[in-house]
Amino acid sequence: MRILVTGAAGFLGSHLAERLLLEGHRVIGVDNFSSGQPRNIELLSKHAEFRFVEADAAEPLAIEGSLDWVMHFASPASPPRYLKMPLQTLRVNGEGTRHLLELALAKGAKFFLASTSEVYGDPLVHPQPETYWGNVNPIGPRAIYDEAKRYAETLTVAYQQAQGVSTRIIRIFNTYGPRMDAEDGRVVTNFINQALRGQPLTIYGDGSQTRSFQYVDDLIEGIRRLMEVEYHLPVNLGNPEEYTMLELAQLIQELVGSKLPLVYQPLPQDDPRQRRPDISRAKALLGWEPRVPVREGLARTIAYFRE
Ligand code: NAD
Ligand code: UDP
């Protein structure tokens, strides 16, 4: 297949592109390096069937030739990053999603949207099934990301229903692994790099808020399986193992072999209190569930950052 992947210089886009290339597909990667890393493109460029287009995915893309899939992964993903790029985040998920759906329509390609568990906002239902509509503050600081992804989902559903584009939507829960950017400000990279540098670990709030952490290989396997079925409603992909941020800090300290102090910093506004995926849909539809336990995935990620 010939597959367009936006966000190919990023953490998830580069893993996805690599997996597709290893399977023998042709991949066109698109990125503007706003939060991605040139070395990920260098790595992908070792594959003969990889092409790179440096471009803003919020603008229409002129792609020659046929396409089988348009896979939209371009967007800042870490809260500090998207808070620094509010308008770009809205544009790449709003206008970008629309242009890419138009591209898929014009090429007769299928369309794949990387949505997020953030569509559930600060959830009042726990764990979160796909049928939950969420609890999002439309004018809060996180809205530029949460509402943009919700609109991207709406666009995707509308193009499927009104134009017959074959679409897929995944709601990705906190995913980590090698090739994350050490400076992106997400909790896993912060804790690991603080522990490796011998710095105190920064706990926002009292550390009792929870997240569920999925290793990247499990996510990519879920994506590949969803590409093989014709299913248009959103699918949660995440690891239901749930930790408080204090538990995560302790686990990372144990795996790094350090005992550093914790420093408490203010909890960001609208920071979700709890998050855990209900993955019944992915299990039934795809026969999928995460295989990499958090302890093992973190150990692999720590080994990557040590290097
Ligand atoms: P990332 O920041 O590592 O990768 C995003 C990539 O998109 C970067 O390479 C960046 O340069 C590129 N990009 C951003 N705006 C662009 C634009 N306008 N034009 C071209 N390229 C642009 O983040 P990631 O973790 O790999 O996230 C990838 C996708 O998955 C995002 O859509 C994100 O919202 C979604 N997601 C990720 C997670 C997670 O836990 N990693 C969770 C939920 C959803
Ligand atoms: N967090 C923290 N210390 C950090 C970075 C983040 O305690 O150094 C908290 C953050 O407040 C949130 C959780 O960890 O409750 C996950 O944050 P992240 O930015 O990784 O992703 P989110 O799920 O909030 O988008």
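Up top you'll find the structure we're talking about.
Residues numbered from 1 in each chain as written. Chains lettered and ligands numbered in written order. Predicted model: local features only at pLDDT ≥ 70, side-chain atom pairs only at ≥ 80, totals over all residues. Heavy atoms only, no water.

(A) Broad picture of unusual backbone geometry. In the segment running from His-126 into Pro-127, the intervening peptide bond is cis, with an omega of -10 degrees. Considering the arrangement of structural elements, one finds Pro-127 in the loop between β5 (110-116) and α6 (143-163). The residue Phe-33 is not glycine, and still its phi comes out positive at about 60 degrees. By the element assignment, Phe-33 lies in the loop between β2 (26-31) and α2 (38-44). Non-glycine residue Asp-270 carries a positive phi angle of around 65 degrees. (Helix = DSSP H or I, 4+ residues; strand = E, 2+ residues; numbered from the N terminus.)

(B) Representation of the site of ligand 2. Taken together, the neighbourhood of ligand 2 is formed by 18 residues, with Val-187, Thr-202, Arg-211, Asp-271 and Arg-275 sitting nearest. Within the side chain of Asn-174, an N or O atom sits 2.9 Å from an oxygen atom of ligand 2. For ligand 2, a nitrogen atom lies 2.6 Å from a polar atom in the backbone of Thr-202. Listed by contribution, the elements that provide at least two residues to the shell around ligand 2 are α7 (187-197) and β8 (201-204). Split by residue class, the shell around ligand 2 holds seven nonpolar, five polar and six charged. (Near = heavy atom within 4 Å. Polar contact = N/O pair within 3.5 Å; in protein donor to acceptor, adjacent residues only side chain to side chain. Nonpolar A, V, L, I, M, F, W, Y, C, P; charged D, E, K, R; others polar.)

Any functional reading would require information that these geometric values do not contain.
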